[in-house]
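The lines below spell out each chain.
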Amino acid sequence: VFADVRVLDLSDESGCLAGRILGDLGADVVRIEAPGGDPAARRGPYLSGVADPERSLPWLALHTSQRGITLALARPRGRELLLRLVEGADVLIETAPPGAWEALGLGDAALEARNPRLVHCAITPFGRSGPRAHWRAGDLVAVAMGGNAAMTGDPDRPPVRCTLPTSFFHAGPEAAAAIAAALYAREATGRGQLVDVSLQECQAGTLLGAPGLERFRAPGRRSGARLGRTREIWRTRDGWVSFGLRGGPARAANLAATVAWMAECGQAPAWLRATDWARYDPNALSADELARLEEAFAAFFAGRSMRELYAGALERRILLAPCNDAREIAEHPQLRARELFVSLESPDPALRLEHPARFAADSLGACGVRRRAPRVGEHNAEVYGALGLGAAELEKLAADGVV
Amino acid sequence: MAGVFEGVRVVEFGAGAAGPVATRLLVEQGADVVRVESARHPDFLRLLPFPGLAQRRPEGGPDLEAAPMFALLNPGKRSVALDLSRPEGRALAFRLATAADVVTENFSPGVMARFGLDYESLRRGRPDLVMVSGCLFGQTGPQRHYPGFGGQGSAIAGFNHLTGWPDREAVGPYATITDSLSPRYIAVLLAGALRERRRTGRGRYLDVSQIETGVYSLAELVVRHAASGESLGRQGNRDERGAPHAIYPCRGEDRWIALEATGEAEWAALVDVLGRPAWAREEGFASAAARKANEDELDARIAAWTRGEDALELAERLQRAGVPAGPVQTPGELLGDPQLAHRGHFVRLAQPGLGELPFERGGARLAASPGQVPARAPRLGEHAREVLCGWLGLAEAELERLAREGVLG
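Residues numbered from 1 in each chain as written. Chains lettered and ligands numbered in written order. Predicted model: local features only at pLDDT ≥ 70, side-chain atom pairs only at ≥ 80, totals over all residues. Heavy atoms only, no water.

Focus: the overall build of chain B
Broken down by element type, chain B carries 17 helices and 12 strands. Carbon and sulfur atoms make up 51% of the accessible area of chain B, which amounts to about 14,700 Å² in all. With 48 positive and 52 negative side-chain charges, chain B shows a spacing of 5 Å between the two charge centroids. (Helix = DSSP H or I, 4+ residues; strand = E, 2+ residues; numbered from the N terminus. Areas by Shrake-Rupley, 256 points an atom, 1.4 Å probe, with all protein chains shown as cover. Lys, Arg positive; Asp, Glu negative; His and termini not counted. Charge placed at Lys NZ, Arg CZ, Asp CG, Glu CD.)

Below, the structure written as structure tokens:
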């Protein structure tokens, strides 16, 4: 899809998903790191537990489908080389604080002067301008200020986030889509433009309209494993499943099928079998009645494994889902059948690890991981060579700490 | 300024949240997005009850316009209602889809084919069509008919297992994360494929699984497991990179501040704002490793301090000192957030029967084409006449017959 597009990626972890997406859609993405590698991106855990930037698992996971070069932006010669690379690029992605590049002489005007066709995507916590443009945030502050954390977690504990950074996961494809739109516009105008992405704003847009819905319903509050009065998350023998005890016509057949299954297993008492699910309304039940109902379902789930429950749900078309961990995902029959995972080739056999290969499927292979993550400076000779720099020049730049 | 996708025609089939958000960028950038709806099988978002609304008409049927969640997720689109159970309804849908540049849908696998609206059928009428399907599990595979919604997608993709407290249930992030991730990935495909078509004249069909977009996003989880068998789990708000990294209580009821000071510079700045207390100089907090090792005690010390502070005031002080921190804001509080206001995130437009609604824009701004929410959400079938006459050239009399015979409904 983007086979003709050249991308320079200087983003940190908050923005690196955008380049990975473009790379998996065929763009030539060149990741630029500081000489020696970026210690924040090449963090642990490391393969086999040995601290080695080439064995950083987060790096290997998040920087596929790109080539890698090193460059010291702190050096004037480094900045000049960046501008030369910009001349040949279609897209530049960066996550520098607003104003930081200006101070280095790499402001918007300088970039545009070098390449008016450049699409410059700046991913920042709050956007490039505005009263909080200079506020700092990682994922935790972004999900807190973006309205999600307040609604996530148990009511008797602090708001909580996902262990992996969901605000980055939303901003990555939003940035990539806006870059694609800017490239589309360039086909007509011949000019690139700035794409200004805010982590907070991307996060705010994931709430299903909740900010505007407070006029029509009581403001929500985080409710842990429950939704209103009823339980949504249930303990199983080996983990948890999601299963709603909500009422309403859409859920009636689902609840009836679950109780029929429980009955087959001899785990549905007579009163439960006699319940009319078409008329079931949890809000009309007394606390005791609700507790009795919950106990019956809880006992059924607690005696079975997640896989067993999911298999039954598939067979009976019940709205039940296992809260899968990494192993369950890696072994998932549906994901396996669709060949979501691939092992990437690597000169180091230990690094031939399975990755999620794509986010869309088609018969032409439009979307798919192209190559393993680059080693530090792996493509320096190739990329700088294309600028006309010879081996001797590169050696001198290396000696000067520029690459 | 004209939108980037001015002149692009999009037809959208499906229901729920994952479908409509995928075309938000196209709407903001001037595309003409037409939703094909059905009065017999309305989008379930048109049926969600809200206590603040009287949603029953006197004659007893649901009021499909008293639907604020549907409205908030579908601004700027036009709506045509067609009865797809009838051959004539399907024929009109086919003509609309093949008059469009882009078709999106998030029905269960096989539904579009039953209507004769699958890509193989549509491409015969429109060889350069760009089409994306976006159901839960994808169009192929043994479990493609699993009947889940976003809540199930989040659990299956791994987000529940990763969200919450290690000693509690796997609650998952608020809302339905595979419903919010997949449309953003679909937007990349739509914009990218439109550009490709502009250059090459070729269309594309892409099959997106909501769950797979979740797993793709969680690449770190997958690769760490592949390398060592490790399975990341719930960690509350902690981060393996360091401490403090938490949400602390503040003054007032259910008021909180998020704070990340895992680096040395941020820690030093935090200690300054704290007023350089004696405890911060103790050996147990002297290094990053020590702070991480003594995280329970560190969190208790910081919480004892934040408890008496106002969340926003404290965040402002910490940010001035260079410490990443921010108040935990509820969805309703976002309406008053000055930074989101500066970005024009909320666009207030009157929606018939619902008053003024704060419609939302995406999180990216194009400097030369900032985009806008061009209009409120459509009433069901509101634009049948203008779309069917405008796109397909149907005559008035024909339109009247279709309406009379119930095809438009």
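Alright, that's what it looks like, and here's the rest.
What about the overall build of chain A?
A count of helices and strands for chain A gives 17 helices and 13 strands. If one aligns the C-alpha atoms of chain A with their principal axes, the spans along those axes are about 85 × 50 × 40 Å. Counting every position in chain A, which comprises 403 residues, the buried fraction comes to 61%. Long-range pairs, those at least 24 residues apart, make up 68% of the contacts in chain A between residues at least 6 apart in sequence. With the model as given, the accessible surface of chain A reaches about 14,500 Å², and the carbon-plus-sulfur share is 52%. Here chain A contributes 48 positively and 49 negatively charged side chains, and the mean placements of these two sets differ by 3 Å. (Buried < 20%, exposed > 50% of the residue type's maximum accessible area, 1.4 Å probe, protein only. Contact = heavy atoms within 4.5 Å.)

What to know about the sheet that holds strand E4 (residues 91–94) of chain A
Pairing between the strands of a sheet comes from backbone hydrogen bonds, and it takes one of two forms, parallel or antiparallel. Taken in spatial order, the 7 strands of this open sheet run E3(A)-E2(A)-E1(A)-E4(A)-E5(A)-E6(A)-E12(B), and their pairing is mixed. Whereas interior strands pair on both sides, the edge strands pair on one side only; in this sheet they are strand E3 (67–70) of chain A together with strand E12 (364–366) of chain B. If you compare each strand with its neighbour and ignore which way they point, the axes differ by 20° on average. Strand direction decides the pairing type here: strand E2 (residues 28–33) of chain A and E3(A), joined by 4 bridges, are parallel. Following the sheet pairing, Val30(A) is matched in E3(A) by Arg67(A). Contacts from helix H1 (residues 16–24) of chain A reach strand E1 (6–10), E2, E4 and strand E5 (119–124) of chain A, with the element oriented near 150° to E2(A). (Pairing = 2+ DSSP bridges. Axes fitted to C-alpha atoms, helices over the stretch in contact; angles between N-to-C directions.)

What about unusual backbone geometry?
With an omega of 0°, the peptide bond between Gly44(A) and Pro45(A) qualifies as cis. Following the sequence through the fold, Pro45(A) ends up in the loop between E2 and helix H2 (57–62). The omega torsion across Ala243(B) and Pro244(B) is 0°, close enough to zero to call that bond cis. Mapped onto the elements, Pro244(B) comes out in the loop between helix H10 (219–228) and strand E7 (245–249). Look at Ser48(A): it is not a glycine, yet its phi comes out positive at around 60°. Turning to its location among the elements, Ser48(A) is positioned in the loop between E2 and H2. Classification of Ser48(A) as exposed rests on a relative accessible area of 60%. Unlike most non-glycine residues, Glu339(A) shows phi in positive territory, near 55°. Checked against the element boundaries, Glu339(A) lands in the loop between helix H15 (333–337) and strand E12 (341–343).

Considering the interface of chain B and chain A
Counting residues at the interface gives 148 residues for chain B and 136 residues for chain A. A combined buried area of about 12,400 Å² lies between chain B and chain A, and 62% of that area is made up of carbon and sulfur atoms. The interface formed by chain B and chain A contains 24 salt bridges. Among the salt bridges present, the one from Arg168(B) reaches Asp156(A), with a minimum N-O distance of 2.9 Å. Linking chain B with chain A are 70 residue pairs in polar contact (both at pLDDT 80 or more), by the criterion used here. For the side of chain B that touches chain A, the residue count by class is 75 nonpolar, 42 polar and 31 charged. Relative to E12(B), strand E6 (residues 194–198) of chain A runs antiparallel, the two being bridged by 3 bridges. Opposite Val197(A), over in E12(B), you have Ala364(B) as the bridge partner. (Buried area = accessible area lost by both parts, 1.4 Å probe. Salt bridge = Lys/Arg side-chain N within 4 Å of Asp/Glu carboxyl O. Polar contact = N/O pair within 3.5 Å; in protein donor to acceptor, adjacent residues only side chain to side chain. Nonpolar A, V, L, I, M, F, W, Y, C, P; charged D, E, K, R; others polar.)

Concerning the pattern of salt bridges
Applying the stated criterion to the full structure yields 85 salt bridges over all chains. The partner of Arg327(A) in a salt bridge is Glu331(A), with the nearest N and O atoms 3.6 Å apart. Since its relative accessible area comes to 41%, Arg327(A) is described here as partly exposed. A salt bridge links Arg126(B) to Asp101(B), with the nearest nitrogen and oxygen atoms 3.3 Å apart. Here Arg126(B), found in the loop between helix H6 (119–125) and strand E5 (130–135), pairs with Asp101(B), found in the loop between helix H4 (87–98) and strand E4 (102–105); they are 25 residues apart in sequence, far enough to count as distant.

Overview of the environment of Pro109(B)
Residues and elements named next belong to chain B. Looking at the element boundaries, Pro109 is found in the loop between E4 and helix H5 (111–114). Assessed through its relative accessible area of 8%, Pro109 is described here as buried. In sequence terms Pro109 and Cys135 are 26 residues apart; their C-alpha atoms lie 7.1 Å from each other.

Brief notes about helix H7 (residues 150–157) of chain B
Within H7(B), 7 of the 8 residues are buried, which leaves it mostly tucked inside the rest of the structure. Listing the buried residues of H7(B) in full gives Gly150(B), Gln152(B), Gly153(B), Ser154(B), Ala155(B), Ile156(B) and Ala157(B). In the core, the buried residues of H7(B) are packed alongside strand E10 (240–243), helix H13 (306–316), strand E11 (320–322) and helix H14 (326–330) of chain A together with helix H8 (177–200) and helix H9 (210–217) of chain B.

Side note on the confidence of the model for chain B
Per-residue pLDDT for chain B has a mean of 96; in total, 98% of the residues score no lower than 70. Prediction confidence for the complex, expressed as pTM and ipTM, is 0.98 and 0.98 respectively. (pLDDT = per-residue confidence, 0-100.)

Side note on the side chain of Asp196(A)
Along the chain, the position of Asp196(A) falls in strand E6. Exposure remark for Asp196(A): the relative accessible area of 11% places this residue in the buried category. Not counting the four nearest positions on each side in its chain, Asp196(A) is found in contact with Ala122(A), Thr124(A), Gly127(A), Arg128(A), Arg343(B), Gly363(B), Ala364(B) and Arg365(B).

Brief notes about the packing of aromatic side chains
Evaluation of the coordinates by the stated rule reveals 22 aromatic pairs over all chains. Between Tyr184(A) and Phe5(B), the aromatic rings sit 4.7 Å apart at their centres with planes inclined by 40°, giving tilted as the arrangement. A residue pair is termed interchain when its members come from two chains, as with Tyr184(A) in helix H7 (residues 166–189) and Phe5(B) in the segment before strand E1 (9–13). Neither Tyr184(A) nor Phe5(B) differs from the other in exposure class; each is buried. When the ring of Phe216(A) is compared with that of Phe50(B), the centres are 6.4 Å apart and the planes differ by 70°; the resulting orientation is edge-to-face. On the criterion of chain membership, the pair formed by Phe216(A) in the loop between helix H9 (210–213) and strand E7 (226–227) and Phe50(B) in the loop between strand E2 (32–37) and helix H3 (68–73) is interchain, its members lying in two chains. The same class applies to Phe216(A) as to Phe50(B), namely buried. By the ring-pair criterion, three or more aromatic residues cluster together here, those being Trp234(A), Phe243(A), Trp261(A), Trp277(A), Tyr280(A), Phe297(A), Phe300(A) and Phe301(A). Over the face of the ring belonging to Trp234(A) we find Arg231(A), whose NZ or CZ atom lies 5.9 Å from the ring centre. The lysine or arginine in question, Arg46(B), covers the ring of Phe70(B), its NZ or CZ lying 3.8 Å from the ring centre. (Phe/Tyr/Trp six-rings, centres within 6.5 Å; stacked < 30°, edge-to-face > 60°. Lys NZ or Arg CZ within 6 Å of the ring centre and 35° of its normal.)

Topic: helix H10 (residues 249–264) of chain A
All names here are of chain A. Compared with an ideal rise of 1.5 Å per residue, which puts 16 residues at 22 Å, H10 spans 24 Å between its outermost C-alpha atoms and is within 8% of the ideal. Listing the buried residues of H10 in full gives Arg251, Ala252, Asn254, Leu255, Ala257, Thr258, Val259, Trp261 and Met262. Among the structural elements, E10, helix H11 (270–273), helix H12 (287–302) and H13 are those in contact with the buried residues of H10. In the stretch just after H10, Gly266 is the one whose phi turns positive, near 70°. (Expected span 1.5 Å × (residues − 1).)

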